[in-house]
Amino acid sequence: PRDVEVINLFHKKCKALGTINPKRFFFEFLYLYQRVTIFDLRNFDLGLEIYLDASALFSFSGILFKLSRRILDSGKAKVSQDNAKIFINYDFLETIHNYFQGNWKEISEYDQDLVKRNINIGEIWDASQYLFWHCAPKIYQGSFDTARAIMDELDEIIKDYNNDFSLLLKYELNIFLLIEYR
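The structure presented is a predicted model; accordingly, all values stated were derived computationally and were not measured.

*Asks:* Would you explain helix α2 (residues 22–36) in this entry?
*Replies:* Structural remark: α-helix, 3.6 residues per turn; residues separated by three or four positions point the same way. In this model, α2 (15 residues) spans 20 Å end to end at C-alpha, consistent with the 21 Å of a helix rising 1.5 Å per residue. Along α2, the residues that are buried comprise F25, E28, F29, L32, Y33 and V36. When α2 is viewed along its axis, its buried side chains cluster within an angular range of 140 degrees and face the same direction. Opposite the packed face of α2, turned more than 90 degrees from it, sit the exposed residues K23, F27, Q34 and R35.

Pasting the structure below:
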């Protein structure tokens, strides 16, 4: 139980670093991944999420898309739509992979119900990230109405939960949108 608690805290640290310091995120998560693979990841709830999160390491680097794809494909069978937390994590990791690889047509449409299900279980960070990664490509594809609708959902999270991270993501999306509008 202590190992699981330490892994959980370290994983949360890595999630925060992904936003504020991507370089440090890469090295910290690589360290976490090396340490955690000594365990059977199927034996604790966070195991599948950590395994899938490794795909982001390789998508963000922009050089190991094949490895990222293999991780996502091998974990897909274990992801159930009934588990909102794991499913939203898988979906936005898939979106990140397709975004950075330039496969924007492969990005699924965002699922408003999935966002609500995650918010209901307290997964504000995941829901906000999910909305961000589904909104950014819409902005750059010129689907401004869809992008605005997604940003409105972020607004709801900001209003209801006074969440600074969601606000940061909304500001970033708004900058993207304003640049596209010129």
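Moving on from the coordinates now.
*Asks:* I keep staring at the pattern of salt bridges and nothing clicks. Help me out?
*Replies:* Pairing of side chains with opposite charge becomes possible as their charged atoms draw close. As enumerated under the stated definition, the model contains eleven salt bridges in all. Notably, a salt bridge pairs E49 with K15, separated by 3.5 Å at the nearest N-O pair. A residue pair is termed long-range when its members are at least 10 positions apart, and E49 in helix α3 (residues 46–61) and K15 in helix α1 (residues 2–20) qualify at 34 residues. The burial state of E49 is the same as that of K15; both residues are buried. Across the pair K138 and E109 runs a salt bridge whose closest N-O atoms are separated by 3.1 Å. Taken together, the positions of K138 in helix α7 (residues 124–140) and E109 in the loop between α5 (84–101) and α6 (112–120) put the pair 29 residues apart, joining distant regions of the chain. For E109, a relative accessible area of 53% gives the class exposed.

*Asks:* When you look at the environment of K85 in this model, what are you seeing that I'm missing?
*Replies:* Along the chain, K85 falls in helix α5. Spatially, the C-alpha atom of K85 lies 11 Å from that of Y130, the residues being 45 residues apart in sequence. Not counting residues up to four positions away in its chain, the partners in contact with K85 are K15, E49, N118, I121, E123 and D126. Among the polar contacts listed, one links the side chain of K85 to the side chain of E49, at a separation of 2.9 Å.

*Asks:* Would you mind showing me how to read the nonpolar core here?
*Replies:* General note: in soluble globular proteins, nonpolar side chains tend to be found buried as a group. V79, L93, Y130, L131, C135, I139 and L173 are the most contacted members of the largest nonpolar core, which totals 37 residues. Of all the secondary structure elements, the ones that give two or more residues to this core are α3, α5, α6, α7, α8 (144–161) and α9 (164–181). Excluding its chain neighbours within four sequence positions, the residues that come into contact with L93 are L52, D53, S55, A56 and L72. Ranked by size, the runner-up nonpolar core spans 15 residues in total, among them I7, F10, Y33 and L57.

*Asks:* Where do I start with the packing of α7 against α9 in this structure?
*Replies:* A pair of packed helices is characterised by two quantities: the angle between their axes and the separation of those axes. For the pair α7 and α9, the least separation of the axes is 10 Å and the interaxial angle reads 0 degrees. Taken together, the axes of α7 and α9 lie roughly parallel to each other. Here α7 contributes I124, W125, S128, Q129, F132, C135, A136, I139 and Y140 to the contact with α9, which in turn contributes F165, S166, L169, E172, L173, F176, L177 and E180. Considering only residue class, the contact of α7 with α9 consists of twelve nonpolar, three polar and two charged.

*Asks:* Sorry if this is basic, but what is going on with the packing of aromatic side chains here?
*Replies:* For any two aromatic rings, the description comes down to two numbers: the centre-to-centre distance and the angle of the planes. Counted under the stated rule, the structure contains eleven aromatic pairs. Judged by centre distance (5.3 Å) and plane angle (85 degrees), the ring pair of F132 and W133 falls under edge-to-face. The exposure classification of F132 matches that of W133, with both residues buried. With a centroid separation of 5.6 Å and an interplanar angle of 40 degrees, the aromatic rings of Y140 and F176 are classed as tilted. One end of the pair, Y140, is in helix α7; the other, F176, is in helix α9, and 36 residues separate them in sequence. Of the residues examined, Y140 reaches a relative accessible area of 32% and is grouped as partly exposed. Here the aromatic residues Y99, F100, W104, F132, W133, Y140 and F176 are joined through ring pairs into a cluster of three or more.

About the thresholds
- Residues numbered from 1 in each chain as written.
- Predicted model: local features only at pLDDT ≥ 70, side-chain atom pairs only at ≥ 80, totals over all residues.
- Heavy atoms only, no water.
- Helix = DSSP H or I, 4+ residues; strand = E, 2+ residues; numbered from the N terminus.
- Expected span 1.5 Å × (residues − 1).
- Buried < 20%, exposed > 50% of the residue type's maximum accessible area, 1.4 Å probe, protein only.
- Arc of directions from axis to C-beta.
- Salt bridge = Lys/Arg side-chain N within 4 Å of Asp/Glu carboxyl O.
- Contact = heavy atoms within 4.5 Å.
- Polar contact = N/O pair within 3.5 Å; in protein donor to acceptor, adjacent residues only side chain to side chain.
- Core = buried A, V, L, I, M, F, W, Y, C linked by side-chain atoms within 4.5 Å.
- Axes fitted to C-alpha atoms, helices over the stretch in contact; angles between N-to-C directions.
- Parallel < 35°, antiparallel > 145°, perpendicular 65-115°, else oblique.
- Nonpolar A, V, L, I, M, F, W, Y, C, P; charged D, E, K, R; others polar.
- Phe/Tyr/Trp six-rings, centres within 6.5 Å; stacked < 30°, edge-to-face > 60°.

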